[in-house]
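What follows is each chain in one-letter form.
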Amino acid sequence: MTAEPSQLFLRACLRLPVARTPVWMMRQAGRYLPAYRAVRGKVSFLELCKTPDLACEVTLQPIRELGVDAAILFSDILVPVEAMGMELRFTEEHGPELPVPVRSAADVHRLRVVDADAELGFVMQAVRQIRAGLPPAVPLIGFSGAPFTLATYMVEGGTSKNFVDTKRMMWGDPAAARRLLERITEQVVGYLTAQVRAGCQALQLFDTWAGILSPDDFDRWARPFAARVLGQVRAAAPGVPLIYYVNGSGAILERLRDIGADVLGIDWKQDLAEARARLGDGVGVQGNLDPVALFAPLAEVEARVRAILDANAKRPGHVFNLGHGVLPGTPVEAVKMMVDTVKTYG
Ligand code: CP3
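The paragraphs below set out a description of the structure included in this document. Everything numeric in this text was worked out from a predicted model, so none of it was measured.

1. Digging into empty space enclosed by the protein
- Within the structure shown, the criterion is met by two cavities of 30 Å³ or more.
- The calculated volume of the largest cavity comes to roughly 60 Å³.
- Considering the residues around the largest cavity, the lining is formed by Phe148, Ala151, Val155, Thr166, Met169, Met170, Ala177, Leu180, Leu181 and Trp221.
- When residues of the lining of the largest cavity are traced back to their parent elements, those giving at least two are α9 (147-156), α10 (164-172) and α11 (174-198).
- Of the residues contributing to the lining of the largest cavity, the split by class is nine nonpolar, one polar and no charged.

Rendered as structure tokens:
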């Protein structure tokens, strides 16, 4: 794990010199791709996550169709939450739903921390199959939700707008909230290290909702647990690049600089050059095209992609990506324009 990798994506994550900027997309396997919809037409989303042959197939689709420089395991951040003992379903209208949310110390006490190889073996089997099916130049990214973001789903019972129940628990029963975050932290460390043993070559920690916290609450409720995950995974898997993503991190960027990640995901609401100036040279960045920009005319897509590459100004440690996941309905030609523009940028 100490030799310098040759793959563009891994090199950029480690801020090593690269011949060109690598590119992949969050949610790159998804409903905007006709080939994904064909598979998804036959099985539910959770069945897809739990069937290694199918998870492998949809993970490889964007590699074949778009030529992106990294693959990301097809699963969902809530899959290990179900293994911890929570009922989980996905509906077309509401997305994820956890009908029995965690609201009290007793609820937290009922959650299990499971052995990921035993209880999430279908994920590890998918990782092995995907790795075997990928060209050597294309690394496989594993992922998990970060403790705070997973806790929001567990406490709210699904996607939320104002996160009232999460904050009510943080402030009204801080001991239970802390215990919940500690349990999740332990589960996430075990889950991510199992993914590396199965064949993942980089990891992304999704703290999508940590941007809804005040800076002070971020320091109390998100940062320490994410830092613990990153530190423990780093110790168990030295040399594996770690990416930390928060949507809406513009107000807390300096707080992320030394959280323990090699790369920070940057959303589109901040300027990439300014973000890099604020972060300094000790950490790489990933991003940051507005996912909705892919609905613009192709010439506009090309101009915006080039503007981001110009903003990075050839500094080492840039992975091109969207600022959040690709949206359903995104035109595939626009995605191809984005990928090709990154690949041919002089
Ligand atoms: O990036 C990838 O291609 C890997 C697969 C992946 C999915 N979800 C597939 C998915 C990853 C990395 C995720 C992460 C995830 N899931 C996050 C964090 C990143 C982010 O986007 O903020 C979150 C918050 C979730 C929870 C989740 N899963 C929601 C809110 C939804 C519903 C919204 C939606 O897009 O439908 C999902 C469902 C989901 N996860 C789908 C996919 C492809 C759509 C399911 C379908 O096919 O119907």
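And the narrative resumes.
2. Quick notes on the layout of surface pockets
- Taken as a whole, the largest pocket spans an internal volume of roughly 1,200 Å³.
- In terms of lining residues, the largest pocket is bounded by 39 residues, among which Arg27, Arg31, Phe45, Asp76 and Phe90 are the most central.
- Counting only elements with at least two residues in the lining of the largest pocket, the list comes to α2 (34-40), β2 (89-91) and β3 (95-97).
- The residue makeup of the lining of the largest pocket, split by class, is 23 nonpolar, ten polar and six charged.

3. What about the pairing of strand β4 (residues 140-145)?
- Buried residues dominate β4, accounting for six of its six residues.
- Neither face of β4 is exposed, since Leu140, Gly142 and Ser144 on one face and Ile141, Phe143 and Gly145 on the opposite face are all buried.
- In this sheet, β4 lies alongside strand β1 (residues 71-72) in parallel orientation, the contact comprising two bridges. Following the sheet pairing, alanine 71 is matched in β4 by leucine 140.
- Summarising the sheet, β4 and strand β5 (residues 202-206) pair through five bridges and their orientation is parallel. The residue bridging serine 144 from the neighbouring strand is leucine 205, located in β5.

4. Some thoughts on helix α4 (residues 52-66)
- Its 15 residues give α4 an end-to-end C-alpha distance of 22 Å, which sits within 8% of 21 Å, the value for a rise of 1.5 Å per residue.
- At leucine 60, α4 is deflected by roughly 25°, the largest bend along its length, and proline proline 62 occurs up to four residues later in sequence.
- Those residues of α4 not exposed but buried are Pro52, Ala55, Cys56, Val58, Thr59, Leu60, Gln61, Pro62, Ile63 and Leu66.
- Of the surrounding secondary structure, the elements contacted by the buried residues of α4 are α2, α3 (45-50), β1, α8 (121-133) and α16 (332-344).
- Downstream of α4 by a residue or two, glycine 67 has a phi angle that is positive, lying close to 70°.

Quick notes on the rules
Residues numbered from 1 in each chain as written. Predicted model: local features only at pLDDT ≥ 70, side-chain atom pairs only at ≥ 80, totals over all residues. Heavy atoms only, no water. 1 Å grid on protein atoms, 1.4 Å probe; cavity = no way out; pocket = protein on both sides within 12 Å on 5 of 7 lines; lining within 4 Å. Points joined across faces, edges and corners; volume = space filled by probe spheres on them. Helix = DSSP H or I, 4+ residues; strand = E, 2+ residues; numbered from the N terminus. Nonpolar A, V, L, I, M, F, W, Y, C, P; charged D, E, K, R; others polar. Buried < 20%, exposed > 50% of the residue type's maximum accessible area, 1.4 Å probe, protein only. Pairing = 2+ DSSP bridges. Expected span 1.5 Å × (residues − 1). Bend = angle between axes of the 7 residues up to and from the residue. Contact = heavy atoms within 4.5 Å.

Nothing here speaks to function; it is geometry throughout.
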